[in-house]
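Structural overview for review
Next come the chains, spelled out residue by residue.
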Amino acid sequence: MLSRRSFGITIGASLVLGAGGIAALAAAFTAAGPLGTTTVQTSFGQARISRAERQARLASGAAAGGGHSGHQSTVDGTRQPVNMTFGDHLLLQLEVFNESDEDQMFSPGLLRIQGNSQPWLVVNRWNDLTPGLMAPGTQVRANISFLVPSDATAFTALFDDIANPGGKPVELPLPAVNWRPGFLEEAHV
């Protein structure tokens, strides 16, 4: 049995290592430069997802052997984390342009993802940009990560245009999603 201290150290180390891995992946992702995709009009300017990469969270031998409560331990040959969260990681690069004459509120949490294998929207797990105001004529670029189901084969990205309070979320086309070989979180459970 783990003591509280040991448990806290284990959880803390897992969180730090997981965040460090995502940050390193985002740095490499940004350094490669944008591939470009469709730019969509918003009520205050434009938005687009310029890059997309997907990666398994765990190596094939890193997850638990058995499923629980009706969940499978593998989905299409991909191992699932012991805590039964989604088994893949999707990293998107969102670019937002404020073409209005006023400051606009922006948060990476305005972007949500829906995979074709589940009916609900997924909020981000991590991003590299602090929410705040975008000055007129400025652009922000945020790397945003999501945990997604391993069995999803297509995704829809929805951007909440909060400057247009009566409007529906804006659907942003995704570029081709590149599969990054390897795995993101070797020790994460």
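What you see is a predicted model; the values in this text were computed from it and never measured.

On to the pairing of strand 2 (residues 45-56). For strand 2, the tally of buried residues reaches 11 of 12 residues, placing the bulk of the element in the interior. Direction of pairing for strand 1 (residues 40-41) relative to strand 2: antiparallel, over a ladder of 2 bridges. Each residue of the ladder has a partner; that of V40, found in strand 2, is A47. The hairpin formed by strand 1 and strand 2 contains 3 residues between the paired strands. As judged from the 11 bridges shared by strand 2 and strand 5 (residues 88-98), these two strands associate in the antiparallel manner. Looking at the pairing, Q46 lines up with F97 of strand 5.

The predicted structure's coordinates, where accompanied by low pLDDT, should not be read in detail. Residue-level pLDDT values for the protein average 75, and 62% of them are 70 or greater. Per-element mean pLDDT across the protein ranges from 45 in strand 3 (residues 74-75) up to 96 in strand 9 (residues 132-134). Contacts from residues 27-35, a stretch scored under 50 in pLDDT, to residues over four places away or in other chains number 19 contacts. Note on residues 62-76: pLDDT under 50 across the span, and 28 contacts to partners over four residues away in sequence or across chains.

Our focus in this paragraph is a nonpolar patch on the surface. Together, M105, L133 and I162 make up an exposed nonpolar region whose accessible area comes to about 330 Å². Tracing the sequence through the fold places M105 in strand 6 (residues 104-106).

Along the chain, F97 turns up in strand 5. For F97, a relative accessible area of 15% translates into the label buried. For the pair F97 and G45, spaced 52 residues apart in sequence, the C-alpha to C-alpha distance is 5.5 Å. Those residues within four positions of F97 in sequence are excluded, and the remaining contacts are F44, G45, Q46, A47, R48, M134, T138 and Q139.

So, on to the side chain of Q46. Looking at where Q46 falls in the secondary structure, it is placed in strand 2. Side-chain polar atoms of Q46 contact the side chain of E99, separated by 2.7 Å. Each residue touching Q46, except ones within four places of it in the same chain, is listed here: T39, V40, Q41, E95, V96, F97 and E99.

Across the 5 residues that make up strand 11 (residues 155-159), a large majority, 4, are buried. Of the pairings in the sheet, the one linking strand 7 (residues 111-115) to strand 11 comprises 5 bridges and is antiparallel in character. Bridging across to strand 11, R112 finds its partner in L158. Pairing of strand 11 with strand 12 (residues 170-172), which is carried by 3 bridges, proceeds in the antiparallel orientation. If you follow F159 over to strand 12, its bridge partner there is V170.

In this section: the pattern of salt bridges. Two side chains carrying opposite charge are able to pair once their charged atoms lie near each other. One pass over the structure, following the stated rule, counts 5 salt bridges. Here R141 ties to E95 by a salt bridge, and the two come within 3.0 Å at their closest N and O atoms. Within this pair, whereas R141 is found in strand 10 (residues 139-148), its partner E95 is found in strand 5, the two being separated by 46 residues in sequence. A network of salt bridges, in which partner residues are shared, links R48, E95 and R141.

Conventions we followed
- Residues numbered from 1 in each chain as written.
- Predicted model: local features only at pLDDT ≥ 70, side-chain atom pairs only at ≥ 80, totals over all residues.
- Heavy atoms only, no water.
- Buried < 20%, exposed > 50% of the residue type's maximum accessible area, 1.4 Å probe, protein only.
- Helix = DSSP H or I, 4+ residues; strand = E, 2+ residues; numbered from the N terminus.
- Pairing = 2+ DSSP bridges.
- pLDDT = per-residue confidence, 0-100.
- Contact = heavy atoms within 4.5 Å.
- Patch = residues over 30% accessible without salt bridge, like charges linked within 9 Å, V, L, I, M, F, W, Y side chains within 5 Å.
- Areas by Shrake-Rupley, 256 points an atom, 1.4 Å probe, with all protein chains shown as cover.
- Salt bridge = Lys/Arg side-chain N within 4 Å of Asp/Glu carboxyl O.
- Polar contact = N/O pair within 3.5 Å; in protein donor to acceptor, adjacent residues only side chain to side chain.

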